[in-house]
Amino acid sequence: MRITDLRLSAKLAMSFAVMTVAAAIMGAAVYMSLGRLEEEQARTKLQTEIVLAAAEARAAVTRQENSLRGYLILKDQYYADRVKHHYNAFTAQVDRIAELSRGDAEAQASVRTIAEAAAAWHAQVADPAIARASEAFSYGEAVQILSSGLADQFIEPVEDGLDAFRDAALASVQASEVDQNNATAVAVATLAGGVSLLVAMAAFLGWYSNRSITRPVVAMTGTMKALAAGDNMVAVPHVERHDEIGEMAQAVLTFKEAAVEKERVEAEVATQRKEAESARSHNEARERQAAEEQAIVVAEIGTGLAKLSEGDLTFRIQAAFPGDYRKLKDDFNEAMTQLQDTMRTINAATAAIRSGTGEISEASDDLSRRTEQQAASLEETAAALDEITATVRRTSEGANHASSVVSKAKGDAEQSGEVVKSAVGAMTEIENSSKQISQIIGVIDEIAFQTNLLALNAGVEAARAGDAGKGFAVVASEVRALAQRSAEAAKEIKTLIETSSSQVEDGVD
């Protein structure tokens with residue numbers, strides 16, 4: 001298969017694929033160069049930090065020696081403290097170098113050698129010299145320690161090790177700079193070559209698209225315009241192609257053949273139009289007949305619906321319907337028959353409901369009468385309770401009076417034994433009366449309870465009666481409240497009697 005036979009979508013996909021692959025290759029090369037550049041920059045940064053740490057540590061060593069000499073000269077404690085301070089700074093930088101060089105066994109060994117030599121200098125030179133210089137008689141020994149060469153024996157490995165770290169880091173930085181320059185040059189060259197290649201490919205693809213797509217499309221457009229203008233003899237180009245342009249040419253060729261076929265069909269249509277005119281007149285006659293039949297059916301159905309709206313369920317269609325409408329007539333008559341039967345059933349059910357409603361009304365009236373009778377009985381019971389309550393109150397007043405008499409009799413009892421005996425007898429009678437009153441109060445409580453129960457039953461019956469018993473429910477509620485008040489009054493009287501009985505017992509005693 002030739003490339004020219006490929007479909008336009010495949011050609012465009014291949015073009016974009018080639019450009020995408022070229023761009024991806026260029027991007028990958030640039031990305032690798034940038035990655036290498038970043039690695040070299042990171043290495044440069046690390047080595048630069050090692051150089052700075054080594055320089056700081058070297059400066060701290062020098063400051064330690066200078067501070068120690070200053071202490072020997074001036075004997076000022078400030079310089080002794082500065083020796084410790086600079087040693088701590090030196091230790092921090094050495095630890096920093098060890099952290100930056102982790103993973104390098106040789107560098108870690110050098111760091112340990114430097115740290116041990118510095119610690120030995122501190123232990124065998126700085127600390128003894130400071131201790132001896134603080135006393136006048138041993139000052140010479142301190143000076144001897146510094147001038148004996150012992151200090152150089154410990155400090156030289158420290159300085160040489162730090163210088164070695166500094167020199168190695170500087171060499172690594174210089175090498176890294178060379179690598180960075182190389183990586184940058186490669187990235188620039190790759191980017192420039194890739195851009196040039198993409199521009200060339202874009203130009204080639206533009207030329208190829210114009211040759212294989214744009215020009216054929218323009219030619220096809222001219223052919224279609226000629227066909228639209230009525231030129232059915234125009235030649236259709238690019239029919240031999242197998243891509244979308246060829247498909248478009250095939251479609252245009254089809255349009256051309258269709259236009260030629262249209263001219264042939266139009267001649268046939270003119271002949272068929274005459275035949276259609278005669279057929280149309282025949283169909284109009286049949287349609288008029290069907291319209292007349294439909295008018296008859298609509299009129300009869302309309303009459304039946306009018307009778308139904310007036311409530312006449314006995315109407316039936318008697319007119320003869322054409323063959324296609326006979327089932328409509330039978331269905332209408334059957335529906336009227338079923339509707340008539342249904343209305344008869346509804347009338348019977350309505351009569352039964354009316355009878356049940358009358359019985360419910362009579363039961364409600366009977367319940368109302370019984371409720372009125374119970375309410376009258378409750379009123380009579382309440383009146384009797386009021387009379388009993390008044391009697392109990394008078395008895396209580398008599399008991400109080402008897403109590404006062406007993407109090408007076410107590411004073412007279414000292415003068416007359418006979419009077420005392422009479423008083424004791426009176427007290428006994430009062431006590432008996434109090435017991436009788438207590439029994440009466442029990443009867444009152446029982447009456448109040450029964451009244452309350454009766455009022456509750458009356459309320460229940462009134463609730464069952466519905467709206468007709470609402471008035472009796474109110475009366476029952478009032479009677480129940482009256483019974484409750486009577487019970488409370490009986491409890492108060494009972495309390496008074498118990499108090500009087502206690503007072504009477506005291507008087508008897």
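The shown structure was predicted, so the numbers you read here are calculated from the model rather than taken from an experiment. (Residues numbered from 1 in each chain as written. Predicted model: local features only at pLDDT ≥ 70, side-chain atom pairs only at ≥ 80, totals over all residues. Heavy atoms only, no water.)

Caption draft 1: Summary view of the environment of Leu 170. Note that Leu 170 resides in helix 5 (residues 150-228). Put simply, Leu 170 and Thr 44 are 126 residues apart on the chain and 9.1 Å apart in space, counted from C-alpha to C-alpha. (Helix = DSSP H or I, 4+ residues; strand = E, 2+ residues; numbered from the N terminus.)

Caption draft 2: Fine view of the environment of Ala 202. Locating Ala 202 in the fold gives a position in helix 5. Between the C-alpha atom of Ala 202 and that of Met 19, which follows or precedes it by 183 residues, the distance is 8.0 Å.

Caption draft 3: Representation of the confidence of the model for the protein in the model. The predicted model of the protein has a mean per-residue pLDDT of 77, with 81% of residues at 70 or higher. When mean pLDDT is compared element by element in the protein, helix 2 (residues 77-100) scores highest at 92, while helix 7 (residues 326-413) scores lowest at 65. (pLDDT = per-residue confidence, 0-100.)

Caption draft 4: Structural context of the side chain of Thr 223. Within the secondary structure layout, Thr 223 lies in helix 5. Aside from chain neighbours lying at most four places away, what touches Thr 223 is Val 234, Ala 235, Val 236, Pro 237 and Val 252. (Contact = heavy atoms within 4.5 Å.)

Caption draft 5: Highlighting the pattern of salt bridges. Under the counting rule described, the total for this entry stands at 10 salt bridges. With a shortest N-O distance of 3.2 Å, Arg 58 and Asp 163 are connected by a salt bridge. Of this pair, Arg 58 sits in helix 1 (residues 8-74) while Asp 163 sits in helix 5, and the two are 105 residues apart along the sequence. Given a relative accessible area of 24%, Arg 58 falls into the partly exposed group. Taking the relative accessible area as the measure of exposure, Asp 163 reaches 18% and is therefore buried. Here Asp 331 and Lys 327 are joined by a salt bridge, their closest N and O atoms 3.0 Å apart. Of this pair, Asp 331 and Lys 327 both sit in helix 7, 4 residues apart, which is roughly one turn of the helix. Of the residues examined, Lys 327 reaches a relative accessible area of 58% and is grouped as exposed. (Salt bridge = Lys/Arg side-chain N within 4 Å of Asp/Glu carboxyl O. Buried < 20%, exposed > 50% of the residue type's maximum accessible area, 1.4 Å probe, protein only.)

Caption draft 6: Focus on the side chain of Glu 40. Note on placement: Glu 40 falls in helix 1. Overall, Glu 40 belongs to the buried group, its relative accessible area being 10%. Residues within four places of Glu 40 in sequence aside, it is in contact with Ser 176, Asp 179 and Gln 180.

Caption draft 7: How the structure looks around the nonpolar core. By size, the foremost hydrophobic cluster in this structure holds 39 residues, and its most contacted members are Leu 68, Phe 90, Trp 121, Val 158, Leu 162 and Phe 165. Of all elements in the fold, only helix 1, helix 2, helix 3 (105-133), helix 4 (139-147) and helix 5 reach the threshold of two or more residues within this core. Residue contributions to this core peak at 12 residues, all from helix 3. Excluding anything up to four places from it in sequence, Leu 68 contacts Val 83, Trp 121, Val 125, Ala 126, Ala 129, Ile 130 and Leu 146. (Core = buried A, V, L, I, M, F, W, Y, C linked by side-chain atoms within 4.5 Å.)

Caption draft 8: View of the packing of aromatic side chains. For the coordinates displayed, the defined rule picks out 2 aromatic pairs. Ring plane angle 80° and centroid distance 5.3 Å describe the contact between Tyr 78 and Tyr 79, whose orientation is recorded as edge-to-face. Positioned above the aromatic ring of Tyr 139, the side-chain terminus of Lys 75 is 4.5 Å from the ring centre. (Phe/Tyr/Trp six-rings, centres within 6.5 Å; stacked < 30°, edge-to-face > 60°. Lys NZ or Arg CZ within 6 Å of the ring centre and 35° of its normal.)

Caption draft 9: Here's a closer look at unusual backbone geometry. At Lys 75, a residue that is not glycine, the phi angle is positive and equals roughly 55°. With respect to the helices and strands, Lys 75 occurs in the loop between helix 1 and helix 2.

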